[in-house]
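Listed below are the residues making up each chain.
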Amino acid sequence: MKGLHFTQLVRRRWLSYASLLLCCLNLTALPAQEVCDNGIDDDNDGWIDLNDPDCACAVIEPVSLIPNPSFEDLTCCPNNRSQLGCADVWIQASEPTTDLIHDCGWQGWPDYPPPRPFPDGEGVVGFRDGRPASMEEQAPSPNWKEYAGACLLSPLVAGDRYLFEFHVGFVSRQFSPDINITFFGTTDCANLPFGVGDVRLGCPTNGPNWKRLGSTFVTGGSGSQWVKAIIDVTPEEDIAAIAIGPDCPGVPASVGLYYYFDNLVLADFESFTFNITGTTQPCAEAYRLAVPPRNGVTYQWYQNGIAMAGETGAQLNRRPVDASYEVVIDDGTDCRVSAAFNYRRPVVETFPTVVICEEDTYRLGNRELRTSGTYRDTLKTR
């Protein structure tokens, strides 16, 4: 009896210890973490998937292949003209020199005040397109053209499509008339700068090793302003370095023509166009939402911020309903989310007035109307 009693006592004590341990483990258990693609409020905070701040992903935006695209990273503050070298990694591409204007230092030429505010940050670059006659020179210098250049973070690949998006600053109609901004490229960073020792060379293609990649006509209107411009580029060979500035034809002028650059973003075409779009006209049964397909990434679609089960392709499998849609893409190291697409099924209403004679009929959809009145029908598109 005593042995049995001792065994029961030991067993009871072990059970008590086990209960105490479980209690302690329960008290110290970590709270659940939100899983961002299962449609469940895992951490019980009232928010599900993308609606939960724990599931924040960066919105997809182009990442520029041009380093320091807004001239914000400096090795020094400019204190005078011709100091593009103070902007980290930028290269004074031409013998005629561009000007770095930055709020930390030199504010630019008094006669050519840059438009404010700047598109991005505190720095911009000013450049000339031709130079008028002066006390030093009896005649204008139409080939005095100023270019900024940079070695790209990675080369442009021959045959691939890219977009070059940037802002052009205009001083006034007199000092900044309409201009063809031109984009040049070279296969080797060693070709920067170009035309060394020749201030009258003009554009890069007047010398060796440079290609004209594209241009766009930009107008500044009548006042001081910034204008966004885009150049569509498909290089015929790999491009390692670029130069940006005025077009090649000489521009004789009686005044100095001056412009500004800022926020120079060069990226592959898909980076600019990774938006949700419809596959056909929105009333069709085959209408789906889709994003440009990419290799090496996974997709997850969301409806009103909540993951859609099984929707893991570049195109939505089901027909959308009225809601907000997003797509998260993951390359294995980082996630990015598309801009929201607010889908609303379109409704088109027409109000025909029909006059028929007595004993006549009028067909509306599948009905034949014989009496006057107001009728409504829903028609399905083919």
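The shown structure was predicted, so the numbers you read here are calculated from the model rather than taken from an experiment. (Residues numbered from 1 in each chain as written. Predicted model: local features only at pLDDT ≥ 70, side-chain atom pairs only at ≥ 80, totals over all residues. Heavy atoms only, no water.)

### Comments concerning the overall build of the protein
Here is step 1: When helices and strands are tallied, the protein shows two helices and 21 strands.
Here is step 2: Counting across all 382 residues of the protein, residues that qualify as buried make up 40%.
Here is step 3: Pairs at least 24 residues apart make up 66% of the contacts formed inside the protein by residues separated by at least 6 positions.
Here is step 4: For the protein, the accessible area works out to roughly 21,600 Å², and carbon and sulfur atoms hold 53% of it. (Helix = DSSP H or I, 4+ residues; strand = E, 2+ residues; numbered from the N terminus. Buried < 20%, exposed > 50% of the residue type's maximum accessible area, 1.4 Å probe, protein only. Contact = heavy atoms within 4.5 Å. Areas by Shrake-Rupley, 256 points an atom, 1.4 Å probe, with all protein chains shown as cover.)

### Some details on the pairing of strand S15 (residues 298–303)
Here is step 1: Summarising the sheet, S15 and strand S17 (residues 323–330) pair through six bridges and their orientation is antiparallel. Directly across from Trp301, in S17, lies its bridge partner Val327.
Here is step 2: Pairing geometry for S15 and strand S16 (residues 306–307), over two bridges, is antiparallel. Counted as the bridge partner of Gln303 is Ile306 from S16.
Here is step 3: Hairpin connection, S15 to S16: the antiparallel pair is bridged by two residues, and Asn304 has positive phi, about 50 degrees. (Pairing = 2+ DSSP bridges.)

### What to know about the sheet that holds strand S2 (residues 91–92)
Two strands in a sheet stick together by hydrogen bonds in their backbones, pointing the same way (parallel) or opposite ways (antiparallel).
Here is step 1: Pairing is antiparallel in the open sheet, where five strands are placed in the order S2-S6-S11-S8-S9. Each edge of the sheet is formed by a strand with only one pairing partner; in this case those strands are S2 and strand S9 (211–218).
Here is step 2: One ladder, built from five bridges, connects strand S6 (residues 148–156) with strand S11 (residues 239–246); its direction is antiparallel. Counterpart to Ala148 in the pairing with S11 is Ile244.

### Some thoughts on the state of the cysteines
Here is step 1: Counting across every chain of the model gives six disulfides.
Here is step 2: The disulfide that involves Cys57 links it to Cys335, with 1.9 Å between the sulfurs. Taking the sign of the S-S torsion, about -100 degrees here, the bridge from Cys57 to Cys335 comes out left-handed. Highlighted residues: Cys57 in the loop between helix H1 (2–28) and strand S1 (58–59) and Cys335 in strand S18 (residues 335–337), separated in sequence by 278 residues. (Disulfide = S-S within 2.5 Å.)

### Regarding the packing of aromatic side chains
Here is step 1: The tally for this structure, following the rule as stated, stands at 17 aromatic pairs.
Here is step 2: Both rings, one in Phe127 and one in Tyr259, keep their centres 5.6 Å apart while their planes meet at 25 degrees; by these two values the pair is stacked. Of this pair, Phe127 sits in strand S4 (residues 123–131) while Tyr259 sits in strand S12 (residues 258–268); the two residues are 132 residues apart in sequence, bridging distant segments of the chain.
Here is step 3: What makes Tyr259 buried here is its relative accessible area of 1%.
Here is step 4: A ring pair is formed by Trp226 and Tyr260, whose centres lie 6.4 Å apart and whose planes are at 55 degrees; its orientation type is tilted. Within this pair, whereas Trp226 is found in strand S10 (residues 225–233), its partner Tyr260 is found in strand S12, the two being separated by 34 residues in sequence. (Phe/Tyr/Trp six-rings, centres within 6.5 Å; stacked < 30°, edge-to-face > 60°.)

### Some remarks on the confidence of the model for the protein
Here is step 1: In the predicted model, the protein carries a mean pLDDT of 87, and 88% of its residues have values of at least 70.
Here is step 2: A low-confidence stretch, residues 1–28 stays under pLDDT 50, and its non-local contacts, those more than four residues away or across chains, total zero contacts. (pLDDT = per-residue confidence, 0-100.)

### What to know about the environment of Lys211
Here is step 1: Positionally, Lys211 belongs in strand S9.
Here is step 2: With a relative accessible area of 46%, Lys211 lands in the partly exposed category.
Here is step 3: Spatially, the C-alpha atom of Lys211 lies 8.9 Å from that of Pro235, the residues being 24 residues apart in sequence.
Here is step 4: Aside from chain neighbours lying at most four places away, what touches Lys211 is Phe183, Phe184, Gly185, Thr205 and Glu237.

### Points about the pairing of S11
Here is step 1: Across the eight residues that make up S11, a large majority, eight, are buried.
Here is step 2: Here six bridges tie strand S8 (residues 179–186) to S11, and the two strands are oriented antiparallel to one another. Within the sheet, the bridge partner assigned to Ile181 lies in S11 and is Pro246.

### Digging into the pattern of salt bridges
Here is step 1: This model, assessed by the stated rule, comprises nine salt bridges.
Here is step 2: Of the charged contacts, one joins Glu165 and Lys228 as a salt bridge, the two residues approaching to 3.8 Å between their closest N and O atoms. In this pair, Glu165 sits in strand S7 (residues 162–170) while Lys228 sits in strand S10, placing the two residues 63 residues apart along the sequence.
Here is step 3: Assessed through its relative accessible area of 19%, Glu165 is described here as buried.
Here is step 4: Of the charged contacts in the structure, one is a salt bridge between Arg318 and Glu311, with a shortest N-O distance of 2.9 Å.
Here is step 5: Salt bridges sharing partners connect three or more residues here, namely Arg363, Glu368 and Arg370. (Salt bridge = Lys/Arg side-chain N within 4 Å of Asp/Glu carboxyl O.)

### Observations regarding the side chain of Asp41
Here is step 1: Relative to the helices and strands, Asp41 is located in the loop between H1 and S1.
Here is step 2: Buried charged residue Asp41 carries no salt bridge. Nearest counter-charge: Arg318, at 20 Å.
Here is step 3: Polar contacts involving the side chain of Asp41 include one to the main-chain amide nitrogen of Asp45, which spans 3.3 Å.
Here is step 4: In this view, Asp41 contacts Glu34, Gly46, Trp47 and Ile48; residues no more than four positions away in its chain are not counted. (Lys, Arg positive; Asp, Glu negative; His and termini not counted. Polar contact = N/O pair within 3.5 Å; in protein donor to acceptor, adjacent residues only side chain to side chain.)

### Some thoughts on the environment of Ala229
Here is step 1: Note that Ala229 resides in strand S10.
Here is step 2: Along the backbone, Ala229 and Phe166 are 63 residues apart, and their C-alpha atoms lie at a distance of 5.5 Å.
Here is step 3: Among all residues touching Ala229, those that are not within four sequence positions of it are Phe164, Glu165, Phe166, Thr216 and Val218.

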